[in-house]
Amino acid sequence: DAMVIQNPRYQVTQFGKPVTLSCSQTLNHNVMYWYQQKSSQAPKLLFHYYDKDFNNEADTPDNFQSRRPNTSFCFLDIRSPGLGDAAMYLCATSRGRLAGEQFFGPGTRLTVL
Amino acid sequence: AQSVTQPDIHITVSEGASLELRCNYSYGATPYLFWYVQSPGQGLQLLLKYFSGDTLVQGIKGFEAEFKRSQSSFNLRKPSVHWSDAAEYFCAVGATMEYGNKLVFGAGTILRVKS
């Protein structure tokens, strides 16, 4: 089945230690998104890629970076995680420009010690 | 800017009872509207979506939603709730950007089902 895969499902890191979260997709979608979802809150868009074009949300902290080396893979890098960055990180994809459905991965739960 | 309000943080219903989850949106143009469900520790699964046309939309798992432009609402309904429906439900409005599209989510409604 075509799908969105996130690895790892659970990630523990130390305060200030860089961490990378991975997302891959077999849907061949143009657009990939990263959302941050803190406990009991709605998902919040951090940034997205349309093909190789990177689009950052205005309020996304500089501590968060992303890479998309090819259509299938997208990475979220947190350069110096703080306690406030503990959250579920969700990757999603969509087919293109129209405001259509986004397909979500299962998420990575990040814990910062 | 677009926004979504889900007025109910928690709802508890008995198994077999009917369900309605409320959603109000704010968006200047014709909205694209979605309902997603999230089980604990999982990603979001699409229940249904509205783009245009018939204002009563059927989704998976027996859910339906009705778009009411005059009330800026997109309420989710199910005639008979099952214990497996216990989860968190998010309403979202979509906006087309220059690249891709953006979903703005409501704060979510946690559904509890009692037997």
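Everything numeric here is computed off the predicted structure, so don't read it as measured data.

Caption draft 1: View of the interface of chain A and chain B. Listed by partner, the interface residues are 27 residues for chain A and 25 residues for chain B. Around 2000 Å² of area is buried between chain A and chain B when both sides are counted, 55% of it from carbon and sulfur atoms. The interface formed by chain A and chain B holds two salt bridges in total. Among the ionic pairs, B:K49 bridges to A:E101, the shortest N-O distance being 3.3 Å. Listing elements by their share of the side of chain A that touches chain B, those giving two or more residues are β4 (31–37), β5 (44–50), β6 (53–56) and β9 (87–94) of chain A. Ranked by residues supplied to the side of chain A that touches chain B, first place goes to β4(A) with four residues.

Caption draft 2: Here's a closer look at the pairing of strand β1 (residues 4–7) of chain A. Residues and elements named next belong to chain A. Of the two faces of β1, only one is covered, namely that formed by V4 and Q6; the face formed by I5 and N7 stays uncovered. Relative to strand β3 (residues 19–25), β1 is paired through four bridges, and the arrangement is antiparallel. Across the sheet, residue V4 finds its bridge partner in β3, namely Q25.

Caption draft 3: View of the state of the cysteines. Residues and elements named next belong to chain A. Tallied over the full model, the rule gives two disulfides over all chains. Linked covalently through their sulfurs, C23 and C91 form a disulfide whose S-S length is 1.9 Å. Where C23 bonds to C91 through sulfur, the torsion about that S-S bond is close to -75°, and the disulfide is left-handed. Of this pair, C23 sits in strand β3 while C91 sits in strand β9; the two residues are 68 residues apart in sequence, bridging distant segments of the chain.

Caption draft 4: Region of interest: the pairing of strand β9 (residues 73–78) of chain B. All names here are of chain B. In terms of residue burial, β9 counts as a mostly covered element, since five of its six residues are buried. As paired strands, strand β3 (residues 19–21) and β9 are joined by three bridges and run antiparallel to one another. Counted as the bridge partner of E20 is R77 from β9. Here strand β8 (residues 64–68) runs beside β9; their pairing, made up of five bridges, is antiparallel.

Parameters at a glance
- Residues numbered from 1 in each chain as written.
- Chains lettered and ligands numbered in written order.
- Predicted model: local features only at pLDDT ≥ 70, side-chain atom pairs only at ≥ 80, totals over all residues.
- Heavy atoms only, no water.
- Contact = heavy atoms within 4.5 Å.
- Buried area = accessible area lost by both parts, 1.4 Å probe.
- Salt bridge = Lys/Arg side-chain N within 4 Å of Asp/Glu carboxyl O.
- Helix = DSSP H or I, 4+ residues; strand = E, 2+ residues; numbered from the N terminus.
- Buried < 20%, exposed > 50% of the residue type's maximum accessible area, 1.4 Å probe, protein only.
- Pairing = 2+ DSSP bridges.
- Disulfide = S-S within 2.5 Å.

Read these as geometric descriptors, not functional statements.
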